[in-house]
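Here is how the chains run, residue by residue.
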Amino acid sequence: MTTVKLSQIQQELRARAIEAATPWRSHVDEWDRTDEAPYGQVAATMAAAGLCGLTMPAKYGGAELTVVDYVVVVEALIATSQSWIVAEPTFGSTGPGPTIVLRAEREDTREKFLPDIVSGRKACAIALTEPEHGSDLTALATSAVPDGDNYVINGSKRFITGSPANELYATFVRFGDQPGHRGIGAVIVEKGSPGLRLETGARFSGTRGLPHGEVHFDNCVIPPENVICGPGHFAELMMAFNMERIHNATLSLALAEAAFDEAVSYTSGRSAYGKPIIEFQATYHTLVEMRMAIDAHRLLTQHAAANSVEGRFPTARESTFAKLSGATMLPEVTRQAMILCGGDGATLDHAAQRLHRDAMAALVAGGSPPVLKNALASQLFPDHRFRQ
Ligand SMILES: Cc1cc2nc3c(=O)[nH]c(=O)nc-3n(C[C@H](O)[C@H](O)[C@H](O)COP(=O)(O)OP(=O)(O)OC[C@H]3O[C@@H](n4cnc5c(N)ncnc54)[C@H](O)[C@@H]3O)c2cc1C
């Protein structure tokens, strides 16, 4: 694992993350086989290690660290454990969930939810994608209609990471009839709310052990303080996803490091034609190319993290480039690792294929590469209008 020079605090954070993640490494194959993981126990470990709420304000229990620190921690957690589940508590307590709540219009909304989310006591899912509207998120149809002081929510979401385990659902909804992004706002729905129905969702080929459920709202009633913001703040809400993009870029970095290590280990330990496979030119050239791709991606990820506003809010352009770079690099690195690990690499017992399946899931989560390119084109060429 290569890194730029770490500060004393970052070295200490990294050591803490490696220590917290190491015991989980031996469970990851079982989580993959059974598609079940003890999320609550993992979250308790991470909270006890002080790895929750890293960039959040101290006022709500956060550590007020930087996004660069966040990247150091998340890379160490995932590369050590080979699992993105192990970094979920850090993500859930620092990523888009709390970032959206931080933007709540009312202080009592922030006070009601942030201390629990930031401490890792309650995990907050992001409920955006709908059965009929995925990439085209400004078409979302889940509605929020006032009813006295309360709001009534109707609609369905799918692929919601952490559901049904999570306690809170930061949900994107349409207020009124206004079409497109102008009608969209966000609310928090608490587990146990009347009319909230959580169902086990599709089973992905990667990220196994982490649930991605369906969330249904059937005349689900929420109190007024659970409204994060009404319509007209879509662009601000979307900025919370810059943390998701940084996280996804770091996930790609860490999984690629793990795949590289697996390939080096296999080709060093196995011989063909009388010598270790790593000593064939075709092998070491591939490993050098993999190393270069990972290190180039590392630079884009750290660049995006380092340029975060006030150290804590990544910009859309840089975080999107970092995420796109990871989505391009990781599947190729894991594919090469599988090839280098031979027939073993393709068996269900081998880490290389598990990492490749995780890579393919990571690729689409939070926005597919074509959609990221659309967003980047709008940033790069603001004088042109790009049809989506
Ligand atoms: C592991 C995982 C975790 C996830 N977690 C969450 C979560 O926690 N919360 C949540 O709300 N969602 C989550 N999602 C959903 C994810 O955000 C969506 O899958 C993603 O946005 C794509 O939407 P879709 O699946 O409906 O694909 P579609 O919108 O049906 O797209 C299908 C294909 O069409 C392409 N396409 C669509 N529009 C365009 C365009 N304008 N130009 C070019 N190509 C286009 C896409 O790139 C894609 O390749 C998760 C997904 C995965 C895989």
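Here the structure is shown first, and the text comes after it.
Residues numbered from 1 in each chain as written. Predicted model: local features only at pLDDT ≥ 70, side-chain atom pairs only at ≥ 80, totals over all residues. Heavy atoms only, no water.

Visitor: Mind showing me how you'd approach the overall build of the chain here?
Guide: When helices and strands are tallied, the chain shows 14 helices and 10 strands. Rg of the C-alpha trace for the chain: 21 Å, near the compact-globule value of 21 Å for 388 residues, within the 12% margin. Dimensions of the chain, computed from the C-alpha atoms along their principal axes, are close to 80 × 50 × 40 Å. The buried share among the 388 residues of the chain stands at 52%. Taken as a whole, the chain presents about 16800 Å² of accessible surface, with 54% of it coming from carbon and sulfur. Separation of charge centres in the chain, based on 34 positive and 43 negative side chains, amounts to 3 Å. (Helix = DSSP H or I, 4+ residues; strand = E, 2+ residues; numbered from the N terminus. Rg over C-alpha atoms; globule rule 2.2 N^0.38 Å. Buried < 20%, exposed > 50% of the residue type's maximum accessible area, 1.4 Å probe, protein only. Areas by Shrake-Rupley, 256 points an atom, 1.4 Å probe, with all protein chains shown as cover. Lys, Arg positive; Asp, Glu negative; His and termini not counted. Charge placed at Lys NZ, Arg CZ, Asp CG, Glu CD.)

Visitor: Even after reading the chapter, I still don't get the pairing of strand S3 (residues 150–161), so can you show me in this structure?
Guide: In regular strands, side chains alternate between the two faces of the sheet. Where strand S2 (residues 143–147) meets S3, 5 bridges bridge the pair, whose relative direction is antiparallel. The residue of S3 that forms the bridge with Ala 144 is Ile 153. Hairpin connection, S2 to S3: the antiparallel pair is bridged by 2 residues, and Gly 148 has positive phi, about 65°. (Pairing = 2+ DSSP bridges.)

Visitor: Sorry, what's going on with the environment of Val 71 here?
Guide: Looking at where Val 71 falls in the secondary structure, it is placed in helix H4 (residues 67–81). Look at Val 71 and you get buried, because its relative accessible area is 3%. It is 9.8 Å that separates the C-alpha atoms of Val 71 and Arg 14, two residues lying 57 residues apart in sequence. Every residue in contact with Val 71, bar those within four places of it in the chain, is listed here: Ile 246, Thr 250, Thr 301 and Ala 305. (Contact = heavy atoms within 4.5 Å.)

Visitor: Please clarify how unusual backbone geometry should be interpreted in this entry.
Guide: Among all residues except glycine, the phi angle is most often negative; among peptide bonds, the trans geometry is most common. Here the bond from Ser 163 into Pro 164 is cis, since omega is 15°, no more than 30 degrees from zero. Of note, Pro 164 is situated in the loop between S3 and strand S4 (168–175). Even without being glycine, Asp 35 reaches a positive phi, approximately 60°. Inspection of the secondary structure assignment puts Asp 35 in the loop between helix H2 (28–34) and helix H3 (39–48). Asp 35 gets classed as buried once you look at its relative accessible area, which sits at 17%. Of note, Tyr 273 is a non-glycine position whose phi angle comes to about 50°, a positive value.

Visitor: How should the packing of helix H9 (residues 241–269) against helix H13 (residues 351–364) be read in this particular structure?
Guide: The description of two packed helices rests on the angle between their axes and on the distance between the axes. One can describe the packing of H9 onto H13 by two numbers: an axis separation of 10 Å at closest approach and a directional angle of 160°. On the basis of their axis angle, the class for H9 and H13 is roughly antiparallel. Seen along the crossing, H9 lies across H13 with a hand that is left-handed. Two secondary-structure elements touch here, H9 through Asn 248, Leu 251, Leu 255, Ala 258, Ala 259 and Glu 262 and H13 through Ala 351, Leu 355, Asp 358 and Ala 362. Grouping the amino acids of the contact of H9 with H13 by side-chain chemistry returns 7 nonpolar, 1 polar and 2 charged. (Axes fitted to C-alpha atoms, helices over the stretch in contact; angles between N-to-C directions. Parallel < 35°, antiparallel > 145°, perpendicular 65-115°, else oblique. Left-handed = near helix turned anticlockwise from the far one by under 90°. Nonpolar A, V, L, I, M, F, W, Y, C, P; charged D, E, K, R; others polar.)

Visitor: Any chance you could explain the pattern of salt bridges here in plain terms?
Guide: It is possible for side chains bearing opposite charge to pair when their charged atoms get close. The final tally for this structure, using the stated rule, is 22 salt bridges. For Asp 32, the salt bridge goes to Arg 208, with nearest N and O atoms at 3.9 Å. Placement of Asp 32 in helix H2 and of Arg 208 in the loop between strand S6 (196–199) and strand S7 (212–222) is noted, with a sequence separation of 176 residues between them. Residue class for Asp 32 comes out buried when judged on its relative accessible area of 9%. Put simply, Glu 130 and Lys 157 hold a salt bridge, and the shortest N to O gap is 3.0 Å. Of this pair, Glu 130 sits in the loop between strand S1 (124–127) and S2 while Lys 157 sits in strand S3; the two residues are 27 residues apart in sequence, bridging distant segments of the chain. (Salt bridge = Lys/Arg side-chain N within 4 Å of Asp/Glu carboxyl O.)

Visitor: For this particular structure, what's the right way to read the pairing of S4?
Guide: S4 sits mainly inside the fold: 8 of its 8 residues count as buried. Covered by surrounding structure in S4 are Leu 168, Ala 170, Phe 172 and Arg 174 together with Tyr 169, Thr 171, Val 173 and Phe 175, the residues of both alternating faces. One ladder, built from 2 bridges, connects S2 with S4; its direction is parallel. Counted as the bridge partner of Ser 143 is Arg 174 from S4. Where S4 meets strand S5 (residues 184–190), 7 bridges bridge the pair, whose relative direction is antiparallel. If you follow Ala 170 over to S5, its bridge partner there is Ile 188.

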